Amino acid sequence: LMIKASKAASSMPLVSIPLVKVTMPSRQVLLPRLEEVLYSGMIGEGEAVYAFEQSFSEKFALNHVVAVNSGTAALHIALLLAGVKANSEVITTSMTAEPTNTTILNIGAKPIFADVDASNGNICPDSIKERISDETKAICVVHYAGYPVDIRAIRKIADEHSIPLIEDCAHALGASVDGKPVGSFGDFAIFSFQAIKHITTIDGGVLVVKNEAQLQEAKQLRWFGLTKGVPRDQVDIVQAGFKYNMNNVTATFGLAQLESVDAVLSAHKKNGKYFDEMFSNMSGVTPAKIYNNSCGSYWLYTLLSDRADEVQKSLAEIGVESSKLHSTNHLHTVFSSDQTHLPNLDRFYSRLLHLPCGWWLKNQDRERIVETVRSVVLK
């Protein structure tokens with residue numbers, strides 16, 4: 001039995017090129033800083049967190065940044081600040097990681113799924129317009145896989161109907177539209193630093209608040225409803241908050257990561273543009289569309305093909321991981337409703353395959369991926 005198991009294991013393809021991979025600063029940079037904060041006597045929310053907020057704000061030209069312990073926490077606060085309550089409706093996308101939409105459910109609100117642009121999987125402005133009702137309290141868009149949505153058109157719709165706009169930028173650090181960073185168009189924006197994103201704080205995120213008047217409330221919501229810096233015997237809680245704060249240890253990771261983030265983002269973009277060039281004239285595949293006024297961050301490379309399953313199998317045989325990554329959310333039982341007719345999403349998802357696109361790819365890895373895809377779709 002042991003021999004048979006060993007033979008079976010040896011026949012399985014080994015993943016030598018993962019779809020996602022965590023990045024870490026060098027030991028020489030990171031470990032002394034971690035040792036300093038760990039033995040400082042102050043490992044909760046403090047100066048390292050505030051320094052990370054400031055550095056992130058300056059690096060990505062985003063004002064009113066609130067550091068929290070996850071992108072999901074940032075989204076929860078954004079929804080509350082937008083005025084979403086039980087029985088509210090939030091127009092959203094099914095093509096995303098599930099927490100985008102389970103967070104809406106956790107408030108007691110209802111996700112209203114809009115269809116997508118079949119060329120890139122991003123939420124479609126026309127479909128958003130069709131789904132607006134008197135109960136719509138927010139529009140939540142996801143720059144899926146690092147490909148910016150048509151944010152100008154969506155911003156116009158939100159303004160016309162006076163509906164708060166939330167940008168979920170969890171995949172899209174470093175992406176831009178018209179030279180402006182994603183996260184700067186919405187009334188609120190969230191970023192994630194979960195372990196597999198462009199940069200990581202092990203777990204963490206930030207909330208970006210457009211209206212400075214809501215900044216203090218956002219900070220109170222991340223810390224039980226309390227105001228940091230006010231003596232506990234003098235503070236008054238007016239709204240119950242949460243234990244959503246970032247801490248000094250994870251912020252120290254973040255500060256070190258920000259020093260090398262330009263190189264990481266540059267590598268993702270360089271690899272993404274290489275694949276765009278290689279696949280744009282290859283019969284049988286189509287690169288996901290990036291709108292003319294946009295610059296993607298290519299967290300994942302999105303390739304579309306009617307033979308996606310065959311391509312995935314062939315890539316696995318040479319040790320390259322690829323996948324659809326997420327399930328379409330509206331098919332989960334927890335989201336079950338009569339809103340299941342999303343034809344563009346059905347078309348997109350049937351053809352979808354994500355390829356690795358990050359800093360860990362070498363030139364020869366990229367070439368092997370392209371040649372493997374070509375060998376499938378052109379045979």
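Residues numbered from 1 in each chain as written. Predicted model: local features only at pLDDT ≥ 70, side-chain atom pairs only at ≥ 80, totals over all residues. Heavy atoms only, no water.

S.K.: Run through the sheet that holds strand E7 (residues 180-181), naming residues and quoting values.
M.R.: Read across the sheet, three strands follow the order E7-E6-E11 without closing on themselves; strand pairing throughout is antiparallel. Each edge of the open sheet carries a strand with a single partner, namely E7 and strand E11 (294-295). Where strand E6 (residues 176-177) meets E11, two bridges bridge the pair, whose relative direction is antiparallel. Looking at the pairing, Val 177 lines up with Ser 294 of E11. (Pairing = 2+ DSSP bridges. Helix = DSSP H or I, 4+ residues; strand = E, 2+ residues; numbered from the N terminus.)

S.K.: Outline helix H12 (residues 343-351), supporting the account with residue identities and numerical values.
M.R.: All of the buried residues in H12 are Leu 345, Phe 348 and Arg 351. Viewed along the axis of H12, the buried residues span an arc of 140°, placing them on a single side of the element. Buried positions along H12 lie against strand E10 (286-287), strand E12 (301-304), helix H11 (308-317) and strand E13 (352-355). (Buried < 20%, exposed > 50% of the residue type's maximum accessible area, 1.4 Å probe, protein only. Arc of directions from axis to C-beta. Contact = heavy atoms within 4.5 Å.)

S.K.: Can you tell me about the environment of Thr 201, naming the residues and giving the values?
M.R.: Assignment of secondary structure puts Thr 201 in the loop between strand E8 (188-192) and strand E9 (205-209). You can call Thr 201 buried: its relative accessible area is 0%. Along the backbone, Thr 201 and Trp 359 are 158 residues apart, and their C-alpha atoms lie at a distance of 18 Å. Excluding residues that lie within four positions of it along the chain, Thr 201 makes contacts with Phe 52, Phe 193, Met 246, Thr 250, Phe 253 and Gly 254.

S.K.: Pulling in residues and values, what's your account of a nonpolar patch on the surface?
M.R.: Taken together, the side chains of Val 22, Met 24 and Ile 202 define a hydrophobic patch exposed on the protein surface, amounting to about 240 Å² of accessible area. The topology assignment puts Ile 202 in the loop between E8 and E9. You can call Ile 202 partly exposed: its relative accessible area is 44%. (Patch = residues over 30% accessible without salt bridge, like charges linked within 9 Å, V, L, I, M, F, W, Y side chains within 5 Å. Areas by Shrake-Rupley, 256 points an atom, 1.4 Å probe, with all protein chains shown as cover. Salt bridge = Lys/Arg side-chain N within 4 Å of Asp/Glu carboxyl O.)

S.K.: How would you explain the side chain of Asn 271 if you had to name every residue and give the values?
M.R.: Inspection of the secondary structure puts Asn 271 in helix H10 (residues 261-280). A distance of 3.3 Å separates a polar atom in the side chain of Asn 271 from the backbone oxygen of Cys 357. Setting aside chain neighbours within four positions, we find Asn 271 in contact with Cys 357, Gly 358, Leu 361 and Arg 366. (Polar contact = N/O pair within 3.5 Å; in protein donor to acceptor, adjacent residues only side chain to side chain.)

S.K.: An account of the pairing of E9 is needed here, citing residue identities and associated values.
M.R.: Of all five residues in E9, five are buried; the element is thus mostly enclosed. The alternating pattern of E9 places Gly 205, Leu 207 and Val 209 and Val 206 and Val 208 on opposite faces, both of which are buried. Relative to E9, strand E1 (residues 65-68) is paired through four bridges, and the arrangement is antiparallel. Bridge pairing in E9 places Val 68 opposite Gly 205.

S.K.: How would you sum up the packing of H11 against helix H13 (residues 363-377)? Please name residues and give values.
M.R.: Contact geometry of H11 with H13 gives a least axis separation of 9 Å together with a crossing angle of 135°. By the angle between their axes, H11 is oblique relative to H13. Relative to H13, the crossing made by H11 is right-handed. Contacts between H11 and H13 pair Glu 310, Val 311, Ser 314 and Leu 315 from the former with Ile 369, Thr 372, Val 373, Val 376 and Val 377 from the latter. Split into classes, the residues belonging to the contact of H11 with H13 amount to six nonpolar, two polar and one charged. (Axes fitted to C-alpha atoms, helices over the stretch in contact; angles between N-to-C directions. Parallel < 35°, antiparallel > 145°, perpendicular 65-115°, else oblique. Left-handed = near helix turned anticlockwise from the far one by under 90°. Nonpolar A, V, L, I, M, F, W, Y, C, P; charged D, E, K, R; others polar.)

S.K.: Outline the confidence of the model for the chain, supporting the account with residue identities and numerical values.
M.R.: On average, residues of the chain score 94 in pLDDT, and 95% of them reach the 70 mark or higher. Within the model, the stretch residues 1-11 combines pLDDT values under 50 with zero contacts to residues more than four positions away or in other chains. (pLDDT = per-residue confidence, 0-100.)

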